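Next come the chains, spelled out residue by residue.
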Amino acid sequence: MRKMKPRSDVELKDVTNYKIGGRILYFCEVDKVEDIVEALNLAETEHLPFFILGAGTNLLASDAGFPGVVIKPVLRSIELEGSKLKVGSGLLVDELLNFTIEHALSGLEWAGGLPGTVGGAVRGNAGAFNGETKDFITEVISFDTKTGQLVKRDNTACMFSYRNSIFKAKGDEVILFVEFNLAKGDRGAIAESVQEKIDFRKIRHPLEFPSAGSVFKNVDVRSAPPELLAIPGLLIKNDPFPVIPAAHLIGRAGLKGLREGGAMISEKHANFIVNFNNATSSDVRKLIEKVKTEIMSRFGVRLEEEILLI
Ligand SMILES: Cc1cc2nc3c(=O)[nH]c(=O)nc-3n(C[C@H](O)[C@H](O)[C@H](O)COP(=O)(O)OP(=O)(O)OC[C@H]3O[C@@H](n4cnc5c(N)ncnc54)[C@H](O)[C@@H]3O)c2cc1C
């Protein structure tokens, strides 16, 4: 039987969308439970932390690297039985959508252009265009790193909520397989709907540069200070509850185009900090702090990061 081989020649900048981050002590691609157990044993024996990595589209990794074991699930199976589609968590959302188009399965069109893996999308209940990852999920199978057991959950047991799930809350399970129940649809209409979302993103997002998407969470109107809500012309949108887009506040503060080393607040979308020229993690972190300070002093709002800093 093939033994999982940890690699020590991988840098976080090679395996994250931001293309930032130093060396990983042990990088383990895993495609079965035995591999995960081996990787966890390695971490335990050497008293090291471990981290589960998808496509790295929602995180900013440290220039100092990761002094532990990075576990990357590369399970990419696709099984279709009637309208039930069971896929491996390492499959890219993009690949999943291509399959649904090919087989005329409707329900996931909202995810057109959503970067990342199925596992990452399930963990954060990723969403866009009024859709959420949870919408058509019937079952998730994960591996509990604490108990060493496989766990099977139906949709309710996954406790999905806005950009959240039991997997994010617990933080100690590796998502392995996800089952969706999709409806039969019209192949052309599905393809067109997916393409619309991709085209929209191309216009709105600075996809020409590496990034981790929106850096800050939008501000929930329900917890916003009254002085902020009184500002004339303030933009409020539904996401899916009323929020003030962080991009709107950053734009109003005149911070678009602000640079630090190789990082820049995008001119196209103010909630994106892009890596336009070999940025370091520290460049991005400095910009994050500048934005937070400026938004607090101008609007009295504490912005919180949407991306994960590791
Ligand atoms: C240009 C751009 C646009 C974006 N647009 C959107 C958007 O519209 N909506 C949205 O919600 N997000 C968006 N994002 C953010 C990102 O794409 C999503 O959060 C995505 O679902 C993350 O998936 P990933 O595989 O890259 O996860 P990673 O970034 O690798 O990891 C994110 C988290 O998930 C965990 N994780 C990953 N895989 C597993 C697994 N198998 N088991 C357990 N935990 C796991 C990691 O430990 C980490 O905590 C965007 C990002 C970019 C760069």
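None of these values were measured; they are calculated from a predicted model. (Residues numbered from 1 in each chain as written. Predicted model: local features only at pLDDT ≥ 70, side-chain atom pairs only at ≥ 80, totals over all residues. Heavy atoms only, no water.)

A. Structural view of the domain arrangement of the protein. Under the domain assignment, the protein is made up of domain 1 (12-73), domain 2 (78-203) and domain 3 (209-309). Counting residues at the interface gives 12 residues for domain 1, matched by 19 residues for domain 3. With both chains or domains summed, domain 1 and domain 3 bury close to 1,100 Å², and 55% of this area falls on carbon and sulfur atoms. A per-residue breakdown of the area domain 1 buries against domain 3 is headed by Y18, N58 and L60, which together make up 55% of the total. At the junction of domain 1 with domain 3, the criterion picks out 0 salt bridges. Linking domain 1 with domain 3 are 8 residue pairs in polar contact (both at pLDDT 80 or more). (Domains from an automatic or database assignment. Contact = heavy atoms within 4.5 Å. Buried area = accessible area lost by both parts, 1.4 Å probe. Salt bridge = Lys/Arg side-chain N within 4 Å of Asp/Glu carboxyl O. Polar contact = N/O pair within 3.5 Å; in protein donor to acceptor, adjacent residues only side chain to side chain.)

B. Region of interest: unusual backbone geometry. For H47, which is not a glycine, the phi torsion comes out positive at approximately 55°. Secondary-structure assignment places H47 in the loop between α2 (33-45) and β2 (50-52). Phi at N130 takes a positive value of approximately 65°, unusual for a residue other than glycine. A residue is classified by how much of its surface remains accessible, and N130, at 81% relative accessible area, is exposed. (Helix = DSSP H or I, 4+ residues; strand = E, 2+ residues; numbered from the N terminus. Buried < 20%, exposed > 50% of the residue type's maximum accessible area, 1.4 Å probe, protein only.)

C. Spatial organisation of empty space enclosed by the protein. Scanning the entire structure with this criterion turns up 1 cavity of 30 Å³ or more. Estimated volume of the largest cavity: approximately 80 Å³. Looking at the largest cavity, the residues that line it are V93, L96, L108, W110, A111, L114, V118, A121, T133 and F180. Residue assignment for the lining of the largest cavity shows that the elements contributing at least two residues are α3 (93-102) and α4 (118-123). In terms of residue class, the lining of the largest cavity is built from 9 nonpolar, 1 polar and no charged. (1 Å grid on protein atoms, 1.4 Å probe; cavity = no way out; pocket = protein on both sides within 12 Å on 5 of 7 lines; lining within 4 Å. Points joined across faces, edges and corners; volume = space filled by probe spheres on them. Nonpolar A, V, L, I, M, F, W, Y, C, P; charged D, E, K, R; others polar.)

D. Here's a closer look at the sheet that holds strand β16 (residues 242-244). Strand order in the open sheet made by the 3 strands is β14-β16-β15, with antiparallel pairing throughout. The open sheet has two edge strands, β14 (219-220) and β15 (237-238), and neither has a second partner. With 2 bridges connecting them, β14 and β16 associate as antiparallel partners. In the strand pairing of β16, V219 is matched with I244. (Pairing = 2+ DSSP bridges.)

E. How the structure looks around the sheet that holds strand β11 (residues 150-154). On the basis of which strands lie adjacent, the open sheet formed by 5 strands has the order β5-β6-β12-β10-β11 and antiparallel pairing. Single-partner strands in this sheet number two, and they are β5 (78-81) and β11. Adjacent strand axes in the sheet meet at a mean angle of 15° when their direction is disregarded. Both β5 and strand β6 (residues 84-88) contribute to a ladder of 4 bridges, which runs antiparallel. Residue pairing for β6: L80 is matched across the bridge by L85. This element, α2, spans β10 (137-144), β11 and β12 (173-181) of the sheet and lies at about 40° to β10. Here α3 sits on the sheet in contact with β5, β6 and β12, set at roughly 155° to β6. (Axes fitted to C-alpha atoms, helices over the stretch in contact; angles between N-to-C directions.)

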